[in-house]
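Spelled out from the first residue to the last, the chains are:
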Amino acid sequence: RAGISVIAEVEVKSLKAQMRAADRVTASYALICGDNELEKGILLCKDMKNGEQTEIARSSVMEFLKSSVK
């Protein structure tokens with residue numbers, strides 16, 4: 001509804017393999033949600049172009065993506 005395309009990787013793969021898959025589909029960002037992130041109530045958002053990672057509160061992910069994805 002927000003006009004943002006999403007691909008969810010739910011198979012059991014290593015993080016490295018999942019990042020390669022995101023790179024293959026030329027994703028702008030990868031959202032990472034592991035046990036630590038779930039515990040903290042955050043997601044890691046990795047910018048696939050420059051490699052920077054940002055911690056984002058789960059409740060504000062859509063706002064972050066709307067302002068970042070062009």
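Residues numbered from 1 in each chain as written. Predicted model: local features only at pLDDT ≥ 70, side-chain atom pairs only at ≥ 80, totals over all residues. Heavy atoms only, no water.

Undergrad: When you look at the state of the cysteines in this model, what are you seeing that I'm missing?
TA: What makes a disulfide is a covalent bond joining the sulfur atoms belonging to two cysteines. In this structure the tally under the stated criterion is 0 disulfides. Unpaired in terms of disulfides, Cys33 finds its nearest cysteine sulfur in Cys45, a separation of 12 Å. The class for Cys33 is partly exposed, based on a relative accessible area of 40%. (Disulfide = S-S within 2.5 Å. Buried < 20%, exposed > 50% of the residue type's maximum accessible area, 1.4 Å probe, protein only.)

Undergrad: What am I meant to see in helix H1 (residues 15-24) here?
TA: In an α-helix, one turn spans 3.6 residues, which is why side chains three or four residues apart end up on the same side. Every buried residue of H1 is listed here: Ala17, Met19, Ala21 and Ala22. If you follow the buried residues of H1, they end up packed against strand E1 (29-32) and strand E2 (42-47). (Helix = DSSP H or I, 4+ residues; strand = E, 2+ residues; numbered from the N terminus. Contact = heavy atoms within 4.5 Å.)

Undergrad: What exactly am I supposed to notice about the nonpolar core here?
TA: Side chains of a nonpolar character, in soluble globular proteins, are inclined to be buried together. Listed in full, the 6 residues of the largest apolar core are Met19, Ala22, Ala30, Ile32, Leu44 and Met48. Counting only elements with at least two residues in this core, the list comes to H1 and E1. Residue contacts for Met48: discarding those within four places in its chain leaves Met19, Ala22, Asp23, Ala27, Ser28, Tyr29 and Ala30. Membership of the second largest hydrophobic core comes to 5 residues, among which are Leu43, Cys45, Ile56 and Val61. (Core = buried A, V, L, I, M, F, W, Y, C linked by side-chain atoms within 4.5 Å.)

Undergrad: It is not clear to me how the side chain of Asp47 should be interpreted in this structure. Could you clarify?
TA: Structurally, the position occupied by Asp47 is in strand E2. Here the side chain of Asp47 touches Asn50 through a polar contact of 3.3 Å, landing on its backbone nitrogen. (Polar contact = N/O pair within 3.5 Å; in protein donor to acceptor, adjacent residues only side chain to side chain.)

Undergrad: Looking at this model, I keep getting lost on the environment of Ala30. Mind explaining?
TA: Following the sequence through the fold, Ala30 ends up in strand E1. Classification of Ala30 as buried rests on a relative accessible area of 7%. Sequence separation between Ala30 and Val6 is 24 residues; the distance between their C-alpha atoms is 9.6 Å. When sequence neighbours within four positions are dropped, the list of residues in contact with Ala30 reads Met19, Leu44, Cys45, Lys46 and Met48.

Undergrad: Before we go on, may I ask you to explain the pairing of E2 in this structure?
TA: It is a general feature of regular strands that their side chains alternate between the two faces of the sheet. Within E2, 5 of the 6 residues are buried, which leaves the element mostly enclosed by the surrounding structure. Across 4 bridges, E1 lies against E2 in antiparallel orientation. Among the inter-strand pairings, Ala30 is bridged to a residue of E2, identified as Lys46. In this antiparallel pair of consecutive strands, E2 and strand E3 (residues 53-57), the connection spans 5 residues, and Gly51 shows a positive phi of 80°. (Pairing = 2+ DSSP bridges.)

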